[in-house]
Amino acid sequence: MRIRNKLTYQFTIIVATILLIFSFAIYYFSSIFREQEFDKRLIDKGLTTARLLMKVDEVDLKLLRIIDRNNLTALQNEKITIYDSLYNKIYSSDDDPEMPISKDFFKTIESNGKGLFNYEKNEAVGLFEKEKNNKAYVIVSAFDKFGFNKLRNLRIILLIG
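Residue numbers run consecutively from 1 along every chain, following the written order of its sequence. The predicted nature of this model means local features are confined to residues of pLDDT at least 70 and side-chain atom pairs, given and counted, to a pLDDT of 80 or more, with totals for whole chains, interfaces and linings taken over all residues. Think of the side-chain values as coming from all heavy atoms in the structure, minus any hydrogens and water.

A word on the confidence of the model for the protein
Predicted confidence across the protein gives a mean pLDDT of 86, with 98% of residues reaching 70 or more. Averaged pLDDT values over the elements of the protein bottom out at 73 in helix 2 (residues 61-69) and peak at 94 in helix 4 (residues 145-160). Each residue carries a pLDDT value, the predictor's own confidence for that position, ranging from 0 to 100. Going along the chain from the N terminus, every DSSP run of H or I of four or more residues is numbered as a helix, and every run of E of two or more is numbered as a strand.

Pasting the structure below:
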């Protein structure tokens, strides 16, 4: 094999390896960013709902449910559930069956302020909110259809590139 051909093959392999590593890094960090961004959206949704319920006297459970159902920024399969300090459900944004939440998880989110988990296809976050003498545990879950579509499009672009 001639030296020129050998150098051409080595250069091609080196450049292809660099491009593959670069593409994997872009996809990996985009995936992490998607997850962090979605978790923040879930946290914001949960805190807004909990604060409306706990701080605004004019808002009752029926009105809060109407607000949640007619929210323009609703997420796919979104479910917000609020529990009192004795772990009794005091609010749910829908009538679907509850997610199984253990008392250990409630204690974890009380000590850490939040906790993350996956339930079926949904991503979920548990929050602890305290207002004066009221304590509430907020569980918010949803499916990030938009974020996963963006990742799928990025994967296609990187593969074509």
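Further notes follow.
Here's the deal with the side chain of aspartate 144
With respect to the helices and strands, the residue aspartate 144 is situated in the loop between strand 5 (134-143) and helix 4. Note on classification: 1.4 Å probe, protein chains only; a residue is buried when its accessible area is under 20% of the maximum for its type, exposed when over 50%, partly exposed between these limits. For aspartate 144, a relative accessible area of 5% puts it in the buried group. Only 2.9 Å separates the side chain of aspartate 144 from the side chain of arginine 34, close enough to count as a polar contact. What makes two residues a contact is simply this: any of their non-hydrogen atoms within 4.5 Å. Every residue in contact with aspartate 144, bar those within four places of it in the chain, is listed here: Arg34, Phe38 and Glu123. Counting of polar contacts relies on pairs of N or O atoms within 3.5 Å, with two restrictions inside protein: one atom must be capable of donating a hydrogen and the other of accepting it, and residues adjacent in sequence are counted only when both atoms are side-chain atoms.

Some details on the sheet that holds strand 4 (residues 122-131)
The pairing criterion for strands is at least two bridges between them, as found by DSSP. What the 5 strands build is an open sheet, ordered 2-1-5-4-3; its pairing is antiparallel. At either margin of the open sheet sits one strand with a lone partner, and together these are strand 2 (89-92) and strand 3 (114-119). Averaged over all adjacent pairs, the angle separating strand axes in this sheet is 20 degrees, with direction ignored. Of the strand pairs in this sheet, strand 3 and strand 4 are connected by 6 bridges, and their pairing is antiparallel. Across the sheet, residue leucine 116 finds its bridge partner in strand 4, namely valine 125. To define axes, lines are fitted to C-alpha atoms, for helices over the stretch in contact only, and angles between the resulting N-to-C directions are given on a 0 to 180 degree scale. Against the sheet, helix 1 (residues 3-55) makes contact with strand 1 (76-83), strand 2, strand 3, strand 4 and strand 5, and its axis sits at roughly 40 degrees relative to strand 4, the strand it touches most.

Section: the side chain of aspartate 39
The topology assignment puts aspartate 39 in helix 1. As used throughout, the charge tally considers Lys and Arg to be positive and Asp and Glu to be negative, leaving His and the chain termini uncounted. What counts as a salt bridge is simple: a side-chain nitrogen of Lys or Arg found within 4 Å of a carboxyl oxygen of Asp or Glu. Here aspartate 39 occupies a buried position and makes no salt bridge, while the nearest side chain of opposite charge, lysine 114, is found at 6.4 Å. Apart from residues lying up to four places away in sequence, aspartate 39 is in contact with Leu116 and Glu123.

Concerning the packing of aromatic side chains
Between 30 and 60 degrees the pair is tilted, below 30 it is stacked and above 60 it is edge-to-face, where a pair is any two Phe, Tyr or Trp rings, Trp via its six-membered ring, whose centres lie within 6.5 Å. The full count for this structure, using the stated rule, is 8 aromatic pairs. For the ring pair tyrosine 83 and phenylalanine 106, a centre distance of 5.1 Å and an interplane angle of 70 degrees mean the geometry is edge-to-face. With tyrosine 83 in strand 1 and phenylalanine 106 in helix 3 (residues 103-112), this pair connects stretches of sequence that are 23 residues apart. For tyrosine 83, a relative accessible area of 4% translates into the label buried. Note on phenylalanine 105 and phenylalanine 117: the rings are 5.0 Å apart at their centroids and 80 degrees apart in plane angle, and the pair reads as edge-to-face. Of the two residues, phenylalanine 105 is situated in helix 3 and phenylalanine 117 in strand 3; the sequence distance between them amounts to 12 residues. Assessed through its relative accessible area of 16%, phenylalanine 105 is described here as buried.

Quick word on a nonpolar patch on the surface
A cluster of nonpolar side chains, contributed by Phe11, Val15 and Leu19, occupies part of the molecular surface with about 300 Å² of accessible area. Positionally, valine 15 belongs in helix 1. Any residue with relative accessible area above 30% and no salt bridge may belong to a patch, with like charges joined within 9 Å and the nonpolar Val, Leu, Ile, Met, Phe, Trp and Tyr side chains within 5 Å. Reported accessibility uses the Shrake-Rupley method at a 1.4 Å probe radius. Residues are deemed covered only where the shown protein chains occlude them.

Structural notes on the pattern of salt bridges
Throughout the structure, instances matching the rule amount to 6 salt bridges. Among the ionic pairs, aspartate 44 bridges to lysine 40, the shortest N-O distance being 3.2 Å. Here aspartate 44 and its partner lysine 40 are both found in helix 1, 4 residues apart, which amounts to about one turn of the helix. When its relative accessible area of 35% is taken as the criterion, aspartate 44 is described as partly exposed. By relative accessible area, which is 49% here, lysine 40 ends up partly exposed. For glutamate 78, the salt bridge is made with lysine 45, and the minimal N-O distance between the two is 3.4 Å. Here lysine 45 lies in helix 1 and glutamate 78 lies in strand 1, a separation of 33 residues in the sequence.

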